[in-house]
Amino acid sequence: MFKDHGKQVYTFINRNTNEAVKVSLNDSFNVDILAPQLEKLRGSVNSGTATDLEKEDLKQMTEEVSEEILEIPYNKLFHTEHVEMDIPKKTMNFKNVKCSKCGEMVSEHRAIKMEGKISCIPCFKG
Ligand SMILES: [Zn+2]
């Protein structure tokens with residue numbers, strides 16, 4: 001289940017045992033401390049003012065920081081706790097159908113059918 005609350009919090013549930021573990025990003029983890037230049041570079045690139053060199057720097061720095069993050073023990077990055085929660089009901093499984101325009105597969109309940117043709121949302125809109 002995806003709930004867009006803008007938080008990096010994940011709950012994993014074992015339906016067989018009803019155990020649930022909640023994982024949240026530690027507030028002590030701050031990527032800006034790990035790589036203070038990253039935010040400025042990202043700002044330049046996102047605003048379209050970055051030079052090719054800055055774009056390359058951002059790419060390389062992102063890779064380096066990603067590698068550094070992967071080396072951090074998970075219990076320093078995340079807070080984990082066992083939680084009690086109501087187990088969500090199983091969702092219906094929808095089959096995938098093929099978009100007639102882009103050829104990509106789309107969940108049937110999100111597909112749009114018009115004049116006998118199946119379309120995904122982006123193709124339908126645009
Ligand atoms: Zn499509």
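This structure is a prediction, so every number in the text was calculated from the model and none was measured.

Analysis parameters
Residues numbered from 1 in each chain as written. Predicted model: local features only at pLDDT ≥ 70, side-chain atom pairs only at ≥ 80, totals over all residues. Buried ≥ 20, exposed ≤ 12 C-beta atoms within 10 Å, placed from the backbone. Helix = DSSP H or I, 4+ residues; strand = E, 2+ residues; numbered from the N terminus. Pairing = 2+ DSSP bridges. Axes fitted to C-alpha atoms, helices over the stretch in contact; angles between N-to-C directions. Parallel < 35°, antiparallel > 145°, perpendicular 65-115°, else oblique. Left-handed = near helix turned anticlockwise from the far one by under 90°. Contact = placed C-beta atoms within 7 Å. Nonpolar A, V, L, I, M, F, W, Y, C, P; charged D, E, K, R; others polar.

1. Regarding the pairing of strand 1 (residues 9-14)
At step 1: The buried fraction of strand 1 amounts to 0 of the 6 residues, a small share that puts the element mostly on the outside.
At step 2: Sheet topology note: the strand 1/strand 2 (residues 19-25) ladder contains 6 bridges and is antiparallel. Bridge pairing links Ile13 to Ala20 in strand 2.

2. Things to note about unusual backbone geometry
At step 1: Unusually for a residue other than glycine, Asn18 sits at a positive phi of about 65°.
At step 2: Tracing the chain through its elements places Asn18 in the loop between strand 1 and strand 2.
At step 3: Given 11 C-beta atoms within 10 Å, Asn18 falls into the exposed group.

3. Some thoughts on the pairing of strand 3 (residues 78-83)
A regular strand places its side chains on the two faces of the sheet in alternate fashion.
At step 1: Summarising burial for strand 3: 0 of the 6 residues are buried, a small minority.
At step 2: The sheet contact formed by strand 2 and strand 3 spans 6 bridges and is antiparallel. Residue pairing for strand 3: Val23 is matched across the bridge by Thr80.

4. Describing the packing of helix 2 (residues 36-47) against helix 3 (residues 52-71)
Two measures define how a pair of helices packs: the angle their axes make with one another and the distance between the axes.
At step 1: Running from N to C, helix 2 and helix 3 cross one another at 140°; their axes reach a closest spacing of 10 Å. Considered as vectors, helix 2 and helix 3 are oriented oblique to each other. The hand of the helix 2/helix 3 crossing is left-handed. From helix 2, Gln37, Leu38, Leu41, Arg42, Ser44 and Val45 reach across to helix 3, where they touch Glu54, Lys55, Asp57, Leu58, Met61 and Val65.
At step 2: In the contact of helix 2 with helix 3, the residues fall into 6 nonpolar, 2 polar and 4 charged.

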